[in-house]
Amino acid sequence: MNLEGILAQLAAMLVALMAAPLLMGWVNQWRALLQNRRPPPLLQQFRALHKLFWKESVMAHEATPMYRVAPYAVFSLMLLAAMIIPTLSTNLPLAPAADAIALVGLFALARVFISLAAMDIGTAFGTLGARREMLIGFLAEPAFLMVLFTASLISNSTSLATIVENLGQRQLTIQPSLAFAGVAFTMVSLAENARIPVDNPATHLELTMIHEALLLEYSGRHLALMEWAAALKLFAYSCAGLALFFPWGVARENDHIALLFALPVLAAKLAAGGIALAVIETILAKMRIFRVPEFLATAFLLGVLGLLVHLLLGA
Amino acid sequence: MNPGWLPIDGVLLVVGGWLALGVCGVFALRNLRLIAWVIFPASALLSVALAGFAFVAIPSTPDVAVLAIGLPDLPFHLRLDALSAFFLLLLGLASAGITIFAGGYFREGEGTAPGLICLQYHVFLAAMALVLMADDAYAFMVCWEMMALSSFLLVTTNHRIPEIQRAGYLYLLVAHIGAIAILLCFGVLQANTGDYTFANMRLQQLSPFWASAAFLLALFGFGAKAGILPLHIWLPEAHPAAPSPVSALMSGVMLKTAIYGLVRVTFDLLHTPIWWWGVVALVLGLATALFGAVFAAAQVDMKRLLAYSSIENIGLIVMALGLASVFAAYRMPSLAALAMTAMLYHCLNHAIFKSLLFLGTGSVLHATHERSLGKLGGLMRFMPFVAATTLVGVIAAAGLPPTNGFVSEWLLLQSFLFTGGLPNPYLKMLVPIFAAGVALVAAIAGYVMVKFFGVIFLGRPREESLAGARDAGGLERLGLAWLTAGCILLGLLPVTVIGVIDPIPFGLVGRGLAQSGRVGNWLLLAPVTAERASYSPIIVLLATLALVAFAVVLVHRLYHGRVRRAAPWDCGWPQQTARMQDTAEGFGQPIRQIFEPLYRMHRELPTAFDSRPRYRVIVEDPFWAGLYLRIAAATDRISRFVGLLQRGRISIYLLYSFITLVTLLFLTQA
């Protein structure tokens, strides 16, 4: 661990904190544009967060400490997850603490916290949301793990920094195993981030909501933290996807010139990814909740196929 | 070293102490205060001492002892090697917490008198310790039976309830079918030498056929005790029937004695596994784990749910064992050591967190007299201590960082990722499917644990009587705190724990993780190299806590910390009642729907015209009707046929003797 590493880690944290709401705003802008609506300003998410932080937090009489702890826990876990994924540089002192499997563990822990908090007050919608969130989680989590395993086997490591360094060196060819993994990853990240076709982030329709049902009782700063955590999750998933499938442009240790370009390259990649997400959300319709397990089981199978293809063909 | 004192003497002292305490209990049959505040705490101290002796014994050379009990010319051979010592350590650590809890738990008026329970309990503990040290088949079987019988008596503590009688009978039956298979396995292992000591069995070179027969018999026999599919059937019956500390002891420790036996036979007595044994274990383990997880999600009784979750964990352990034997068969000792370390680590973790969860249900049961999840809820407000400790257990059982459950799951997944080097292409193809299975099982376990904790402790109380629930008493708290600390410490210090485990894979497969210097430092767990894979629970925990502190301070400094209490909003619906929450059935419904073909379900759905609408779903184990009832029916048919011979008239029996005699004479003449 050196000074440069600590600075890189702090930079990664700041970038995650700032870029996450920006990415959310960017996706919202593009979605509005594609749907012929007037887009909200890019900084709308920051304004919303600022407003929520100022508002007082209203809590139910029944709320236990679980309810108050959860927003902070979820926010910190998502921030930590975003910090250990190599975005700008692979020289991250925190990265060895958690490899790809631990990353999935962090996401799962956050999911458990958010679901338990939703069950805490004992409203019908809260438990409904918790049940649906766990339903998505139990299928999405192994699928995500399979995607990470494929990348791990290719680069012979589960450490995210090593994966990015290894994959970044290879030629620009399409590997069949990574192609399978890429499709699986896209499906998983749509589900995990409560996006169409699995969930609609824009509505509070009782019959269909998942993510919003979890946050229904939250208000004020607690809601702000949960919203920020959701933005961080989208950012972390996007960065994980970029790290696995488009690892070019991430600076290696002691590569200072690449470090200069790392931020613009990341911004460009995220911008492109955000547009792709907006397009997906515009052209697809939300599916019924009963179809979600099929959708995610497909992702899981594709992930396993990717792994098999790599082990059998070595590609 | 000190020649006057050996760890095995210490262990035997503890066993003797336990038996003495049990006998004391009989003399103080109804003196509850003495039993609760003297005998059980003293026994817990002995457990701690046992853990200490076992800890010393793991890295030292094996000790042997011969006890002149039993038949003449057939003494008990005992041996304390690293493998035995590790499982004794597990027994000591888990039973220390369980026993101190039991002191506060057993009360007057629940079936068997407390003094008698105390005797049975301590005989059970002593029998498990002796099973782990037995070094000949005779001692092993005697102690094994002692363990089965004492636990049967403990399961049937409330012996006046017919359901509990049935559960106990089923348990006894399966335990004995398993015992027969183990006996046959030892028969094969001694290879016609007539010498039943393990030392002799180690020397025998069995042909692959007989070695495989011994392995399969051991898998069947020990599988019956561990709960491997399809012999798991007694677990979900016996665990809810038994008092909670006994469930904890059975699930946490007794199942591990079966794993111990399996490891002992596979890696020690048979020394070289054959590759397909590992595949059999992997397939059975995956089936068991998936089945356990899927059924746990559908349960509505909290202890049944935990019983199925134990089945799931046993499945994972058996998978790790299978993987270790595949690697050992292909002479890949480092990888075998990794898989074996994952297996032993998971044994220890499961012993701690499952005991904790069972004890938590015990406290809930005492406070509410309710086992059904559908009648609980909101207990976190009334029982904060039990809720907080159970939450740690739940996170561990869900296999999440930074607790102990995650470490062993991480090691297991890591060992699956190394299988690319296997020479057998079919195995190479199967292994990712197993890895995917492990990932799926771990994720369903998370679902189950959220259901378990959320329905019991969160939300609103589903019954009005729950508002009077009181938190656990002093001794119970001490037990819960001990096991909670175990969950956290085993999770935070993986490299230290692996260092303790290390002599076992070194002895059994010829290499240890720490011994080859490839496990990282105390802060960073890195089983191969840091570039390959690394995990540091301490850093993860500290970083998360630092970020939480950072967020709290920043939010409160920059903005404010005001909170207003109000009625819950719930989309503006004012007439919210506790009945509108998800029930346990409701929370498990998605899993039930996805895995519908696996279940046998009876549904009673109300129609629009019912005056008293009633909704009920009963989920049954398909093995019960599909396998066990058929076996029972077949046995019935065969015995009816045999019964035809019995006429109850002396002349007919004389005729049988006459025919037999004539036939024999004819045969000898011919």
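Residues numbered from 1 in each chain as written. Chains lettered and ligands numbered in written order. Predicted model: local features only at pLDDT ≥ 70, side-chain atom pairs only at ≥ 80, totals over all residues. Heavy atoms only, no water.

K.L.:
Give a description of the overall build of chain B that names residues and reports values.
P.N.:
Looking only at helices and strands, one finds 23 helices and five strands in chain B. Taken against the 2.2 N^0.38 rule, which gives 26 Å for 670 residues, the C-alpha radius of gyration of chain B at 26 Å falls within 12% of a compact globule. Here the C-alpha coordinates of chain B stretch approximately 105 × 70 × 60 Å along the principal axes. Taken over 670 residues, chain B has a buried fraction of 59%. (Helix = DSSP H or I, 4+ residues; strand = E, 2+ residues; numbered from the N terminus. Rg over C-alpha atoms; globule rule 2.2 N^0.38 Å. Buried < 20%, exposed > 50% of the residue type's maximum accessible area, 1.4 Å probe, protein only.)

K.L.:
Lay out the environment of B:V300 in plain terms, naming residues and giving numbers.
P.N.:
All names here are of chain B. Considering the arrangement of structural elements, one finds V300 in the loop between α11 (275–298) and α12 (302–329). Sequence separation between V300 and G586 is 286 residues; the distance between their C-alpha atoms is 9.9 Å. In this view, V300 contacts R371, S372, L373, G374, A584 and E585; residues no more than four positions away in its chain are not counted. (Contact = heavy atoms within 4.5 Å.)

K.L.:
Give a description of the interface of chain B and chain A that names residues and reports values.
P.N.:
Contact residues are listed per partner, giving 74 residues for chain B and 78 residues for chain A. Taken together, the two surfaces of chain B and chain A that pack against each other cover about 6800 Å², and 72% of this comes from carbon and sulfur. Three residues stand out in chain B for area buried against chain A, namely B:L417, B:Y559 and B:R565, and they jointly supply 10% of the buried area on that side. Summed over the shared surface of chain B and chain A, the result is three salt bridges. In this structure, the salt-bridge partner of A:R131 is B:D582, at a minimum N-O distance of 2.5 Å. (Buried area = accessible area lost by both parts, 1.4 Å probe. Salt bridge = Lys/Arg side-chain N within 4 Å of Asp/Glu carboxyl O.)

K.L.:
Now, about a nonpolar patch on the surface: what can you tell me, with residues and values included?
P.N.:
A contiguous nonpolar patch, built from B:I638, B:F641, B:V642, B:L644 and B:L645 and spanning about 530 Å² of accessible area, is present on the exposed surface. Inspection of the secondary structure puts B:F641 in helix α22 (residues 622–643). (Patch = residues over 30% accessible without salt bridge, like charges linked within 9 Å, V, L, I, M, F, W, Y side chains within 5 Å. Areas by Shrake-Rupley, 256 points an atom, 1.4 Å probe, with all protein chains shown as cover.)

K.L.:
Which residues make up empty space enclosed by the protein, and what are the values?
P.N.:
On inspection of all chains with the given rule, the structure shows eight cavities of 30 Å³ or more. When its volume is computed, the largest cavity comes out at roughly 160 Å³. Around the largest cavity, the lining comprises 18 residues; the ones closest to its centre are A:E141, A:L145, B:E409, B:L413 and B:A442. Only α4 (100–120) and α5 (124–155) of chain A together with α15 (404–417) and α16 (425–457) of chain B provide two or more residues apiece to the lining of the largest cavity. Of the residues that constitute the lining of the largest cavity, the class distribution is 14 nonpolar, two polar and two charged. (1 Å grid on protein atoms, 1.4 Å probe; cavity = no way out; pocket = protein on both sides within 12 Å on 5 of 7 lines; lining within 4 Å. Points joined across faces, edges and corners; volume = space filled by probe spheres on them. Nonpolar A, V, L, I, M, F, W, Y, C, P; charged D, E, K, R; others polar.)

K.L.:
I'd like a rundown of the packing of aromatic side chains, residues and numbers included.
P.N.:
Tallied over the full model, the rule gives 41 aromatic pairs over all chains. Taking 6.1 Å as the distance between ring centres and 90° as the angle between the ring planes, the aromatic pair formed by B:F140 and B:F222 counts as edge-to-face. Here the residue B:F140 occupies a position in helix α5 (residues 137–155), and B:F222 occupies one in helix α8 (residues 208–226), the gap between them amounting to 82 residues. Taken as a pair, B:F140 and B:F222 share a single burial class, namely buried. Joined through ring pairs, the aromatic side chains of A:F53, A:W54, A:F75, A:W228 and B:Y559 make up one cluster. For the cation-ring pair, B:K225 lies above B:W144, with the distance from its terminal atom to the ring centre recorded as 5.4 Å. Stacked on the ring of B:F385, the Lys or Arg B:R477 has its end atom at 4.9 Å from the ring centre. (Phe/Tyr/Trp six-rings, centres within 6.5 Å; stacked < 30°, edge-to-face > 60°. Lys NZ or Arg CZ within 6 Å of the ring centre and 35° of its normal.)

K.L.:
Could you give an account of the packing of α5(A) against helix α7 (residues 176–192) of chain A, naming the residues involved and the relevant values?
P.N.:
Residue and element names in this part refer to chain A. Following both chains from N to C, one finds α5 and α7 inclined at 150°, their axes separated by 9 Å at the closest point. Of the possible angle classes, the one that applies to α5 and α7 is roughly antiparallel. Helix-helix and strand crossings are classified by hand; for α5 and α7 the assignment is left-handed. Side by side, α5 and α7 meet where I136, A140, E141, A143, F144, V147, T150 and I154 of the first sit next to S177, L178, A181, A184, F185, V188, A191 and E192 of the second. In terms of residue class, the contact of α5 with α7 is built from 12 nonpolar, two polar and two charged. (Axes fitted to C-alpha atoms, helices over the stretch in contact; angles between N-to-C directions. Parallel < 35°, antiparallel > 145°, perpendicular 65-115°, else oblique. Left-handed = near helix turned anticlockwise from the far one by under 90°.)

K.L.:
How would you summarise the layout of surface pockets if you had to cite specific residues and measurements?
P.N.:
Its volume calculated, the largest pocket comes out at about 1200 Å³. Taken together, 42 residues make up the lining of the largest pocket; nearest its centre are B:E163, B:P240, B:D301, B:R304 and B:R371. For the lining of the largest pocket, the secondary structure elements donating two or more residues are α6 (162–189), α9 (235–241), α11, α12, α13 (333–368), α21 (584–594) and β5 (616–620) of chain B. Examining the composition of the lining of the largest pocket, we find that five residues originate from one element, α6(B), more than from any other. Of the residues that constitute the lining of the largest pocket, the class distribution is 21 nonpolar, eight polar and 13 charged. In this structure, the second largest pocket spans a volume of roughly 1000 Å³. Around the second largest pocket sit 47 residues that line it, and A:M24, A:P201, A:H211, A:E212 and A:E227 are the ones nearest its centre.

K.L.:
Tell me what's going on with the side chain of A:T123, and back it up with residues and numbers.
P.N.:
Mapped onto the fold, A:T123 is located in the loop between α4 and α5. For A:T123, a relative accessible area of 2% puts it in the buried group. A polar atom in the side chain of A:T123 sits 3.2 Å from the backbone nitrogen of A:G126. Discounting chain neighbours no more than four positions away, the residues touching A:T123 are A:E217, B:P568, B:D570 and B:Q576. (Polar contact = N/O pair within 3.5 Å; in protein donor to acceptor, adjacent residues only side chain to side chain.)

K.L.:
Can you break down the packing of α12(B) against α15(B) residue by residue, with the values?
P.N.:
Residue and element names in this part refer to chain B. One can describe the packing of α12 onto α15 by two numbers: an axis separation of 11 Å at closest approach and a directional angle of 35°. Helix-helix and strand crossings are classified by hand; for α12 and α15 the assignment is left-handed. Where α12 approaches α15, its residues L316, M319, A320, L323 and F327 are matched on the opposing element by E409, L412, S415 and F416. Along the lines of polarity and charge, the residues of the contact of α12 with α15 split into seven nonpolar, one polar and one charged.

K.L.:
So what's going on with the side chain of B:Q204? Residues and values would help.
P.N.:
Positionally, B:Q204 belongs in the loop between α7 (198–203) and α8. For B:Q204, the side chain forms a polar contact with the side chain of B:N200, separated by 2.8 Å.

K.L.:
Give a detailed account of the confidence of the model for chain B, specifying residues and quantitative values.
P.N.:
For chain B, per-residue confidence averages 90 on the pLDDT scale, and residues scoring 70 or more make up 98% of the total. Predicted as a complex, the structure gets a pTM of 0.94 and an ipTM equal to 0.95. (pLDDT = per-residue confidence, 0-100.)

K.L.:
Report on the environment of B:Q299, specifying residues and quantitative values.
P.N.:
Residue and element names in this part refer to chain B. Relative to the helices and strands, Q299 resides in the loop between α11 and α12. Considered as a pair, Q299 and A578 are 279 residues apart in the sequence and their alpha carbons are 20 Å apart. Each residue touching Q299, except ones within four places of it in the same chain, is listed here: R304, L305, Y308, L373, K451 and A584. A polar contact is formed between the side chain of Q299 and the backbone oxygen of F295, at a distance of 2.9 Å. Here R304 takes part through its side chain, which lies 3.4 Å from a polar atom of the side chain of Q299.

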